[in-house]
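Structural overview for review
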Amino acid sequence: MTFLNYNFGYSNVSTSVLVINCGSSSIKYALVSERREDRIFGLAENLGSADARIKGITAGNQPLELSIPYADHEKALETILGRLSQYKPQAIGHRVVHGGTLTKAELLTPEIVEKIREATPLAPLHNPAHLVGIDATMRLFPELPQVAVFDTAFHQTMPAHAYRYALPKFLYTQHNVRRYGFHGTSHAYVSERGSELAGSYKHGGWLTAHLGNGSSTCAIWNGQSVDTSMGLTPLEGVVMGTRSGDVDPSIHSFLASNLGWDIYKIDKMLNSESGLLGLSDLSNDMRTLIEASEQGNEDATLAIEVFCYRLAKSLAALSCGLPRIDGLFFTGGIGENSAYIREKTIAYLPHFGFNLSKEQNDGLKRGTEGRIDAGTGPQIWVIPTDEEGRIAKETVHVVEHEVQQAAKKPESDIATA
């Protein structure tokens, strides 16, 4: 593929990058424009069924709902791209959960696609769906440069003492068993944006808490991840909506020996039936639990307490990777919108010198960025994440680099590329 026919100046590309996130039966998409408020986005869901549809927001902030019965990924992508063709997207950025040991976003070539395929055992629920979307878009739009942006790549700067498990060496050297970390695009965006607002762009020591149905924490020094809560898979770490987070690994043998459960039943329980849902026996939605707790539901109250305590415990542990702590960034659906959870979490960290302003915390409009500390001690910020924007930005960087490299090649090399 040659890129000399494209004009990939940053301002040009940033107005026309299509970001795609393929799940097993859904596709999230966003056409990232220069202004975030102009973004076109949506979700194709229930793919393969009679109820398949596309629902989202189109130009002018107008709602879109389109029935596409029995559409597969390729048909849904064809429909999405057809509706967006008038905006002439000039590149496609794919979110890929697991990149194995790949350390940065990569132009999609047969070799990179194969590396994504090789990482499938590390993300068996996610990578196959990403590969379906990649295969479909590369067939439908072979003329467009396409880039894979990996959730794991941001954490490849972790030192060995942070990413190695205390397991036999051959499991690492022969089978790649190590800690990888996830939510990398979110932690990267939030730490970059937050440090900029704090007046120390990509400098100093920061803790980030991405809190949603999936949650993780990260320690960042001078713009680079030095440790994170998730590990080989997104199950490790803090309590999440339906995932347990950290548990004693011997729970597998205990449940197998005493209840006769097989590994698949245990895995499903830990990933889909635990966390806030398991503790409360009510819901994985923090809003529902807070409401129930206010009405006297003790299980909901306990679920909230465990969530906040384990979150604070994770942040405290990750601080070991930082020479100093300049502040903390909250993000994700819970982190951005729940002043109550932010306050309870900070309360578990009194010895870190955080001084939360109750007025600032309670008064911050939901979904907006702002500083919520009292002006003394490490800073505390709420930074709404923008994973699509980050993926688009990384896509731009990769394509611009390829353009520059192509421009340096002799014409004979380009003709045979």
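Residues numbered from 1 in each chain as written. Predicted model: local features only at pLDDT ≥ 70, side-chain atom pairs only at ≥ 80, totals over all residues. Heavy atoms only, no water.

Attention now goes to the overall build of the protein. A count of helices and strands for the protein gives 17 helices and 14 strands. Against the 2.2 N^0.38 benchmark of 22 Å for 417 residues, the protein shows a C-alpha radius of gyration of 22 Å, consistent with a compact globule. Of all 417 residues assigned to the protein, the portion counted as buried reaches 51%. Restricting to contacts in the protein with at least 6 residues of sequence separation, those with at least 24 account for 63%. Total accessible area on the protein stands at roughly 19,600 Å², and carbon and sulfur atoms take up 51% of it. Taking the average location of the 37 positive side-chain charges in the protein and that of its 47 negative ones, the two points are 2 Å from each other. (Helix = DSSP H or I, 4+ residues; strand = E, 2+ residues; numbered from the N terminus. Rg over C-alpha atoms; globule rule 2.2 N^0.38 Å. Buried < 20%, exposed > 50% of the residue type's maximum accessible area, 1.4 Å probe, protein only. Contact = heavy atoms within 4.5 Å. Areas by Shrake-Rupley, 256 points an atom, 1.4 Å probe, with all protein chains shown as cover. Lys, Arg positive; Asp, Glu negative; His and termini not counted. Charge placed at Lys NZ, Arg CZ, Asp CG, Glu CD.)

If you look at the biggest cluster of nonpolar residues, it comprises 36 residues, and the most contacted ones within it are M286, F307, F330 and I341. Taken together, the elements giving at least two residues each to this core come down to β9 (205-210), α11 (286-294), α12 (298-318), β12 (327-331), α14 (339-347) and β14 (379-382). Here this core takes 10 residues from α12, the largest share from any one element. Counting residues in hydrophobic clusters, the runner-up holds 23 residues, among them Y29, L77, L81 and F141. (Core = buried A, V, L, I, M, F, W, Y, C linked by side-chain atoms within 4.5 Å.)

Okay, the UniProt feature "binding site: Mg(2+)" (unreviewed entry) in the protein next. The UniProt entry lists N21 and E387 under the feature "binding site: Mg(2+)" (unreviewed entry), expressed in the numbering used here. Across 367 residues of sequence, these annotated residues stay compact in space, with a maximum C-alpha separation of 10.5 Å. Residue placement: N21 occurs in strand β1 (residues 17-22). On the accessibility criterion, N21 (19% relative accessible area) is buried. Beyond its immediate sequence surroundings of up to four residues, N21 is in contact with S26, I27, K28, R95 and H130. For E387, the location among the structural elements is in helix α16 (residues 387-408). Discounting residues that sit within four places of it in the chain, E387 has contacts with T185, S186 and H210. (UniProt positions renumbered as here; feature names shortened; annotations may be inferred.)

Quick look at the domain arrangement of the protein now. Segmentation of the protein into domains returns domain 1 (15-149) and domain 2 (198-385). The C-alpha-based centres of domain 1 and domain 2 are spaced at 28 Å. (Domains from an automatic or database assignment.)

This part is about the pattern of salt bridges. According to the stated counting rule, one finds 21 salt bridges in the structure shown. Notably, a salt bridge pairs R53 with E45, separated by 2.5 Å at the nearest N-O pair. Here E45 falls in the buried class, since its relative accessible area comes to 18%. One salt bridge in this structure joins E305 and K344, with 2.5 Å as the shortest N-O distance. Taken together, the residues E305 in helix α12 and K344 in helix α14 connect sequence positions 39 residues apart. Under the relative-accessibility criterion, E305 is labelled partly exposed at 25%. (Salt bridge = Lys/Arg side-chain N within 4 Å of Asp/Glu carboxyl O.)

This brings us to α14. Along α14, the residues classified as buried are A339, I341, R342, K344, T345 and I346. Contacts made by the buried residues of α14 are with α11, α12, β12, α13 (332-337), α15 (358-363) and β14.

Okay, the side chain of R342 next. Its place among the elements puts R342 in helix α14. No salt bridge is formed by the buried R342. Its closest oppositely charged neighbour is D362, at 6.5 Å. A distance of 3.0 Å separates the side chain of R342 from the backbone oxygen of G335, its partner in a polar contact. The contacts of R342, once residues within four sequence positions are left out, are F330, G335, E336, N337, N361, L364, I372 and V382. (Polar contact = N/O pair within 3.5 Å; in protein donor to acceptor, adjacent residues only side chain to side chain.)

Further remarks concern the environment of R287. One can find R287 in helix α11. For R287, a relative accessible area of 59% gives the class exposed. Sequence separation of R287 and T157 is 130 residues, and the distance between their C-alpha atoms is 35 Å.

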